[in-house]
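# Summary of structural features
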Amino acid sequence: MISRGRCFPLSLALGLVVLVFLSPLSLAFAAEGPVLSGRACALRLDHSGLLFPTDHIPDVWRCQMAEVIQHPTTTSLTGPLDIPISRDLYAYLLDHLTLTAALVRELGLGQYRVELRGDHRVWLDDGEGTSGELQLVRQDDGTRLYLIDGEHHSRLFPVIKGKAVVLMATKVTGVGQSGPTVETTIVTYTQLHNSFLSGVVRLFQSFIGETVTRKITKAFSVTNQLAAVAAENPQNIVALAQRQTVVTQGEVATFAALVGQLHSPSRERATLRTLP
């Protein structure tokens, strides 16, 4: 028989789960020094049935990613999702986050602020207490590997910190009468740094799994929403881009050209290379 005294921590833990993880964007990520080194940093290629080039990652990133992937608090799979744009335009939105964030704000999809920090790293603030760095570790024609670290400030709890690895796979699924479509699938590994919160997540993983996934992938989901708006009303999205003062005229011109190709599938598209 379980006594009332033993039941109390369980009910308290459930209450904390609801307060922490069901409040807006209460899950966040923050960098800590890598624990693994040497051979322990080896990463498998297969993740949720998808292959990613994790064997070609510099040591400085591989060990940090290995720590999260080998000891995750949660693991999730999002997709595959069909986005009604070309892969070139989707890549452009991901590579030019200053423009993407400005359009997201204009459309009322979010309050993201972006600061470029060089070496394929950006600082993001969602305007709701969550901020941190998004590091693009590697990309090729069909995959992107990210390391995310940051923190969330809440009225209920001290700063919540953690780290995430996001593995994104994209592929063109065909060109129909309405234009091209890109299929995206995201594998996410999350590691909370507070040991108590991590234990709570594991205890109620089935209960909060979908909520955690939404919080981790929200920035990518907002990008998908923006892409859908661009496909539905390309002239409007180009007009909004032309009003932005935080990006160059060259960036806007390239964006406009890519948007213009959405309903012209026969037009030859230039391949954009933003990361060697």
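What comes next concerns the included structure. (Residues numbered from 1 in each chain as written. Predicted model: local features only at pLDDT ≥ 70, side-chain atom pairs only at ≥ 80, totals over all residues. Heavy atoms only, no water.)

### Looking at the overall build of the chain
For the record, the criterion: Helical segments are the DSSP runs of H or I of at least four residues, strand segments are the runs of E of at least two, and each set is numbered from the N terminus. Burial classes follow relative accessibility: with a 1.4 Å probe on protein chains only, a residue under 20% of its type's maximum area counts as buried, one over 50% as exposed, and anything between as partly exposed. Should any heavy atoms of two residues lie within 4.5 Å, those residues are counted as being in contact. All accessible areas in this document rest on Shrake-Rupley with a 1.4 Å probe, and a residue is counted as covered only by the protein chains that are shown.
Each helix and strand counted, the chain has nine helices and nine strands in total. The burial tally for the chain puts 47% of its 276 residues in the buried class. Nonlocal contacts in the chain, meaning residues at least 24 apart in sequence, comprise 68% of its contacts between residues at least 6 apart. Looking at the chain as shown, the accessible area adds up to about 13900 Å², and 53% of this sits on carbon and sulfur atoms.

### Brief notes about the packing of aromatic side chains
Quick reminder of the rule: Planes of paired rings set the category: under 30 degrees apart is stacked, over 60 is edge-to-face and the rest tilted, where pairs are Phe, Tyr or Trp rings (Trp by its six-membered ring) whose centres lie within 6.5 Å.
Taken as a whole and assessed by the stated rule, the structure comprises one aromatic pair. A centroid spacing of 5.3 Å and a plane angle of 65 degrees characterise the contact between Tyr 146 and Phe 220, whose relative ring orientation is edge-to-face. Separated by 74 residues along the polypeptide, Tyr 146 in strand β7 (residues 143–152) and Phe 220 in helix α7 (residues 218–232) bring together distant segments of the chain. Comparing Tyr 146 with Phe 220 shows no difference in burial state: the two are buried.

### As for the state of the cysteines
Condition: Any two cysteine sulfur atoms lying within 2.5 Å of each other are counted as a disulfide.
Enumeration according to the criterion identifies one disulfide in this entry. The disulfide that involves Cys 41 links it to Cys 63, with 2.0 Å between the sulfurs. The chirality of the disulfide connecting Cys 41 with Cys 63 is right-handed, given an S-S dihedral of about 105 degrees. Highlighted residues: Cys 41 in the loop between α1 (4–21) and β1 (46–47) and Cys 63 in helix α2 (residues 59–70), separated in sequence by 22 residues. Cys 41 gets classed as buried once you look at its relative accessible area, which sits at 1%.

### Side note on the packing of helix α3 (residues 87–95) against helix α9 (residues 249–260)
As a reminder, the rule being used: The axes are straight lines fitted to the C-alpha atoms, using for helices just the contacting stretch, and the angles between their N-to-C directions are given from 0 to 180°. Note on angle classes: values under 35 degrees are labelled roughly parallel, values over 145 roughly antiparallel, values of 65 to 115 roughly perpendicular, and the remainder oblique. Crossing chirality is assigned from the near helix's rotation relative to the far helix, an anticlockwise turn below a right angle marking it left-handed and a clockwise turn marking it right-handed. Polarity classes work like this: nonpolar for Ala, Val, Leu, Ile, Met, Phe, Trp, Tyr, Cys and Pro, charged for Asp, Glu, Lys and Arg, and polar for all others, with Gly in that last group.
At a minimum axis separation of 9 Å, α3 and α9 run at an interaxial angle of 150 degrees. Accordingly, the angle class assigned to the pair α3 and α9 is roughly antiparallel. Once α3 is placed against α9, the crossing between them reads as left-handed. Along the contact surface, α3 presents Asp 88, Leu 89, Tyr 92 and Leu 93, while α9 presents Glu 251, Thr 254, Phe 255, Leu 258 and Val 259. Across the contact of α3 with α9, the residue classes tally to six nonpolar, one polar and two charged.

### So, the packing of α3 against helix α4 (residues 97–106)
The packing of two helices is summarised by the inter-axis angle and the distance between the axes. Closest axis-to-axis distance for the α3/α4 pair is 5 Å, and the angle between their directions is 90 degrees. Taken together, α3 and α4 sit at an angle that is classed as roughly perpendicular. Judged by residue contacts, Tyr 92, Leu 93, Leu 94 and Asp 95 of α3 engage Leu 97, Leu 99 and Thr 100 from α4.

### Structural notes on the environment of Glu 151
Here Glu 151 shows up in strand β7. For Glu 151, a relative accessible area of 26% puts it in the partly exposed group. Distance in space between the C-alpha atoms of Glu 151 and Gly 129 is 8.2 Å, their sequence separation being 22 residues.

### Description of the side chain of Thr 185
Within the secondary structure layout, Thr 185 lies in strand β9 (residues 179–192). By relative accessible area, Thr 185 is classed as buried at 8%. Non-local contacts of Thr 185, meaning those with residues more than four positions away in its chain, are made with Leu 50, Leu 77, Thr 78, Gly 79, Pro 80, Leu 167, Met 168 and Ala 169.

### Structural notes on the pattern of salt bridges
Opposite charge on two side chains allows them to pair when their charged atoms are near. For clarity, the threshold we go by: We define a salt bridge as a contact between a side-chain nitrogen of Lys or Arg and a carboxyl oxygen of Asp or Glu at a distance within 4 Å.
Under the criterion given, the structure shown has seven salt bridges. A salt bridge links Arg 117 to Glu 115, with the shortest nitrogen-to-oxygen separation between them at 3.0 Å. Residue class for Arg 117 comes out partly exposed when judged on its relative accessible area of 38%. Overall, the relative accessible area of 39% leaves Glu 115 in the partly exposed class. Of the charged contacts, one joins Glu 183 and Lys 171 as a salt bridge, the two residues approaching to 3.7 Å between their closest N and O atoms. Taken together, the residues Glu 183 in strand β9 and Lys 171 in strand β8 (residues 160–176) connect sequence positions 12 residues apart. In the salt-bridge network here, residues are joined through shared partners; they are Glu 115, Arg 117, Arg 121 and Glu 133.

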